[in-house]
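The chain contents come next:
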Amino acid sequence: AGWTKALLGIRCKEIHVCGGLEAQNIVERIAKVCGDEFVLKSYDRFSELEIAPNSLALTSGEKGSYNRVQPGDCIVAFSRNDIFAIKREIEESTKFKCCVIYGSLPPETRTEQARLFNDQDSGYDILVASDAIGMGLNLSIR
């Protein structure tokens, strides 16, 4: 995974890993194996994380359900090919334009995509991303 590559390959004084407590044991073990110090800091969320009561799909096998996305939505996919296929489907089936963020985007491009998504007047309403959205970006996801 991208985050293990970052943990094992980056040369820096300090790394902050944000995520669920489910990852604590593995991150702590990686730090220990690398001879690094591990410090756990917990933070409260600024807003409640809520799961939508309904899926975008009306049925489990339905295709083409991205036409029900709303401004401020973020669709998370797990491959670059899927990210661009979803972006294409949303832009072809709705009036919305999509920003994309994934791990191997250059930092400047990732920051610009986040800026466009957060700017209500940019014309970009939907974000399609990998789990890289958690890498140091503040996003106004609905």
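The structure under discussion appears in the preceding block.
Keep in mind that this is a model prediction, so the values were computed, not measured.

Reading the values: rules and limits
- Residues numbered from 1 in each chain as written.
- Predicted model: local features only at pLDDT ≥ 70, side-chain atom pairs only at ≥ 80, totals over all residues.
- Heavy atoms only, no water.
- Helix = DSSP H or I, 4+ residues; strand = E, 2+ residues; numbered from the N terminus.
- Buried < 20%, exposed > 50% of the residue type's maximum accessible area, 1.4 Å probe, protein only.
- Salt bridge = Lys/Arg side-chain N within 4 Å of Asp/Glu carboxyl O.
- Pairing = 2+ DSSP bridges.
- Axes fitted to C-alpha atoms, helices over the stretch in contact; angles between N-to-C directions.
- Contact = heavy atoms within 4.5 Å.
- Phe/Tyr/Trp six-rings, centres within 6.5 Å; stacked < 30°, edge-to-face > 60°.

A. Layout of the environment of proline 106. Along the chain, the position of proline 106 falls in the loop between strand E2 (98-101) and helix H4 (107-118). By relative accessible area, which is 40% here, proline 106 ends up partly exposed. When the C-alpha atoms of proline 106 and proline 53 are compared, they prove to be 35 Å apart, with 53 residues separating the residues in sequence.

B. A look at the pattern of salt bridges. For the coordinates displayed, the defined rule picks out 3 salt bridges. Between lysine 87 and glutamate 91 there is a salt bridge, with its nearest N and O atoms 2.9 Å apart. Taken together, the residues span about one helical turn, with lysine 87 and glutamate 91 both in helix H3 (residues 80-93) at a distance of 4 residues. Aspartate 119 is paired through a salt bridge with arginine 115; the nearest N and O atoms lie 3.9 Å apart. The class for arginine 115 is partly exposed, based on a relative accessible area of 43%.

C. Inspection of the sheet that holds strand E1 (residues 74-76) at higher detail. Spatially, E1-E3-E2 is the arrangement adopted by the 3 strands of the open sheet, whose pairing is parallel. For this open sheet the edge positions go to E1 and E2, each flanked by a neighbour on one side alone. Adjacent strand axes in the sheet meet at a mean angle of 20°, parallel and antiparallel pairs treated alike. Pairing between E2 and strand E3 (residues 126-129): 4 bridges, direction parallel. Bridge pairing in E3 links cysteine 99 to leucine 127. Of the strands in this sheet, E1, E2 and E3 are in contact with H3, which crosses E2 at around 175°. Across the sheet, H4 is in contact with E2 and E3; its angle to E2 comes to roughly 145°.

D. View of the packing of aromatic side chains. Enumeration according to the criterion identifies 1 aromatic pair in this entry. On the basis of an interplanar angle of 70° and a centroid distance of 5.9 Å, the ring pair of phenylalanine 84 and tyrosine 102 is categorised as edge-to-face. Highlighted residues: phenylalanine 84 in helix H3 and tyrosine 102 in the loop between E2 and H4, separated in sequence by 18 residues. Residue class for phenylalanine 84 comes out partly exposed when judged on its relative accessible area of 32%.

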